[in-house]
Amino acid sequence: MVRGVRGTGTWCGTLLLAGALVGGVTGCGPGVPPAPGGPPSGTSAPAVPGRTTEPGTPAADPQPAEVLVEVTVSGGFAGIRNQLVVHYDGSWTSRSGGKAPRTGRQTPAEAAELRAALEDPAYALVPERPTGRPVADGFQYSVTYRHRVVVAGDGERPPALQRVFAALPEGGPPTSP
């Protein structure tokens, strides 16, 4: 524990330890210079090009290889669990069970259509959880876009969600075993 003026040493030591654990504090008290190579005093992390500084907010200028959307399909009569990941540049990977992953690339126009469907204000209003009755042996779709997960089942596809599905590579979510 850091010793100092009665009452302040404990707090300073606690803050210093907590800051060291999260990597955001370089010193305690005024006039303490930042550690070499660390963030400037008063900031919590170095700036990353193309990113906002708020955690959990979307990239201001996403990199082509960053994930745009991830779709997971589960259920059905065969009990599948498939995944489709599409990147901002239109490249995608689809995984179905134990099969080798399939890859491809959307045309720039197809990638733009998918981004437009995901950024449509109507898509932001799609409920995050199923609201209807489940379909026996139906599929459940989990769509992750910008840290928001929308879960839907067969039979409950609002038009905005259907637009996203129609813009996905290979004609929609991967439902084949």
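Residues numbered from 1 in each chain as written. Predicted model: local features only at pLDDT ≥ 70, side-chain atom pairs only at ≥ 80, totals over all residues. Heavy atoms only, no water.

Enquirer: An account of the pairing of strand β6 (residues 148–153) is needed here, citing residue identities and associated values.
Expert: Along β6, five of the six residues are buried, which leaves the element largely enclosed by surrounding structure. As consecutive antiparallel partners, strand β5 (residues 139–145) and β6 are separated by two residues, and within that stretch R146 has a phi angle of approximately 50°, a positive value. (Buried < 20%, exposed > 50% of the residue type's maximum accessible area, 1.4 Å probe, protein only. Helix = DSSP H or I, 4+ residues; strand = E, 2+ residues; numbered from the N terminus. Pairing = 2+ DSSP bridges.)

Enquirer: Break down the sheet that holds strand β2 (residues 80–87) for me, with residues and values.
Expert: What the six strands build is an open sheet, ordered β4-β3-β2-β1-β5-β6; its pairing is antiparallel. Every interior strand has two partners, whereas the edge strands, β4 (102–105) and β6, have only one. On average, each strand axis in the sheet is tilted by 15° relative to the strand beside it, whichever way the strands run. Relative to strand β3 (residues 91–96), β2 runs antiparallel, the two being bridged by five bridges. Paired with Q83 across the strands is R95, a residue of β3. (Axes fitted to C-alpha atoms, helices over the stretch in contact; angles between N-to-C directions.)

Enquirer: Can you lay out the nonpolar core for me, pointing to particular residues and giving the numbers?
Expert: Counting residues in hydrophobic clusters, the biggest one holds 25 residues, and the most contacted among them are V69, L114, L118 and Y123. Elements that contribute at least two residues to this core include exactly β1 (67–75), β2, α2 (108–119), β5, β6 and α4 (159–167). Among the elements that line this core, the one with the most residues is α4, at five residues. Beyond its immediate chain neighbours, meaning those up to four positions away, V69 contacts L84, V85, V86, L114, L118, V143, T144, Y145 and L168. (Core = buried A, V, L, I, M, F, W, Y, C linked by side-chain atoms within 4.5 Å. Contact = heavy atoms within 4.5 Å.)

Enquirer: Lay out the pattern of salt bridges in plain terms, naming residues and giving numbers.
Expert: Applying the stated criterion across every chain yields a total of six salt bridges. With a closest N to O distance of 3.0 Å, D120 and R163 form a salt bridge. With D120 in the loop between α2 and α3 (121–124) and R163 in helix α4, this residue pair connects regions lying 43 residues apart in the sequence. R163 sits in the partly exposed class, given a relative accessible area of 30%. Between R148 and E128 there is a salt bridge; the shortest N-O distance is 3.2 Å. Taken together, the residues span a long stretch of sequence, with R148 in strand β6 and E128 in the loop between α3 and β5 at a distance of 20 residues. Here E128 falls in the partly exposed class, since its relative accessible area comes to 42%. (Salt bridge = Lys/Arg side-chain N within 4 Å of Asp/Glu carboxyl O.)

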